[in-house]
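# Tertiary structure, described
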Amino acid sequence: YQEKYRLEKRKSAKVFHDTLVAFAERRIIIMDMFEKATKVAKEMGDTVINSAKSIGGNLYNTTKEQSEMASLNVQKSLIEKRMTEYYAEIGKRYVEYMENCEGGEVFQVNDILEKMQPDLKKLSEVKEQIAEKEFAIKEGNEQKARRRAQETFDKEKETLDKALNMEILSEEEYEEKLALAKNKLEHYDLLRKVDMQLSMGIITKSEYDEKVKNILN
């Protein structure tokens with residue numbers, strides 16, 4: 001009976017080992033691919049930064065944020081790769097423990113857990129930095145979009161002012177068109193969401209037109 005139990009335990013340990021190794025190999029391959037992709041993204045970001053410095057601070061800042069994000073993702077992928085290797089080593093030890101222990105022995109991986117602690121702490125910090133960077137990029141994009149909306153209104157008003165001065169428009173037509181332009185600016189957030197719904201294919205063109213009409217009216 002003991003021999004049968006020992007054989008069954010070794011068989012179970014081998015299945016566990018094979019499954020764990022296959023998982024670890026797939027994870028490492030994926031992490032290698034991601035690492036290479038993020039490295040390329042960082043290099044591209046750095047190249048764009050060097051070019052953008054000569055054409056304006058706003059573009060430079062945006063690209064700088066994206067390059068820093070790519071760098072953080074590289075750090076995250078490298079740490080996660082090491083974590084995968086740690087987990088694989090723990091699994092390997094567990095298989096050896098199951099194959100060789102005769103009872104009474106304690107499964108020990110404290111040395112690996114100690115090695116993991118700095119990486120776990122760093123991974124948490126990097127994830128927090130990524131979240132902060134994502135928020136900053138989102139805020140920056142929102143501010144740029146709002147500036148564009150304001151610039152569009154200013155140009156439209158300038159055109160209407162010229163048309164009124166040249167008597168191309170009547171006072172009534174001028175006020176009507178200016179009110180519509182102001183309405184678009186005031187409801188910018190809602191209109192932008194509807195634009196995104198259309199671009200993502202969530203709504204049809206007719207639904208889009210209806211939503212815009214309801215917002216502006």
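The rules behind these values
The numbers attached to residues start from 1 for each chain and follow its sequence in the written order. In view of the model being predicted, local features appear only for residues whose pLDDT reaches at least 70, and side-chain atom pairs are presented and counted only at 80 or more, with totals across whole chains, interfaces and linings using the full set of residues. Working from all heavy atoms in the structure, the side-chain values ignore hydrogens and water. Every helix listed is a DSSP run of H or I at least four residues long, and every strand listed is a run of E at least two residues long, numbered separately from the N terminus. Expected helix span is taken as 1.5 Å per residue step, with the number of steps being one fewer than the number of residues. Burial classification: accessible surface area is computed with a 1.4 Å probe over protein chains only, and a residue below 20% of its type maximum counts as buried, one above 50% as exposed, and the rest as partly exposed. Picture the helix axis, draw a direction to every C-beta atom, and the arc is the one those directions span. Two residues form a contact once any of their heavy atoms are found within 4.5 Å. Between Lys or Arg on one side and Asp or Glu on the other, a salt bridge is scored when a side-chain nitrogen of the former is within 4 Å of a carboxyl oxygen of the latter. Note on aromatic contacts: the rings of Phe and Tyr and the six-membered ring of Trp form a pair at centre separations within 6.5 Å, being stacked when their planes are under 30 degrees apart, edge-to-face when over 60 apart, and tilted otherwise.

## Digging into helix α5 (residues 188-199)
Across its twelve residues, α5 extends 16 Å between first and last C-alpha, which sits within 8% of the 16 Å expected from 1.5 Å per residue. Among the residues of α5, Y188, L191 and V194 are the ones counted as buried. Viewed along the axis of α5, the buried residues span an arc of 130 degrees, placing them on a single side of the element. Of the surrounding secondary structure, the elements contacted by the buried residues of α5 are α3 (110-165), α4 (171-186) and α6 (205-216). Count one or two residues on from α5 and you reach G201, which has phi positive near 80 degrees.

## Examining the pattern of salt bridges
Taken as a whole and judged by the stated rule, the model has ten salt bridges. Put simply, E80 and K76 hold a salt bridge, and the shortest N to O gap is 3.0 Å. Residue E80 and its partner K76 are located together in helix α2 (residues 57-100), separated by four residues, close to a single helical turn. On the accessibility criterion, E80 (15% relative accessible area) is buried. Salt-bridge contacts for K157 lead to D161; the nearest nitrogen and oxygen are separated by 3.0 Å. On the criterion of helical spacing, the pair formed by K157 and D161 is a turn pair, its members being four residues apart in helix α3. Classification of K157 as partly exposed rests on a relative accessible area of 29%. Here the salt bridges share partners, and the residues they tie into one network are E89, R93 and D111.

## Focus on the packing of aromatic side chains
Inspection of the entire model under this criterion finds one aromatic pair. Arranged with centres 6.4 Å apart and planes meeting at 35 degrees, the rings of Y94 and Y97 form a pair that is tilted. On the criterion of helical spacing, the pair formed by Y94 and Y97 is a turn pair, its members being three residues apart in helix α2. A relative accessible area of 32% places Y94 in the partly exposed class. Look at Y97 and you get partly exposed, because its relative accessible area is 22%.

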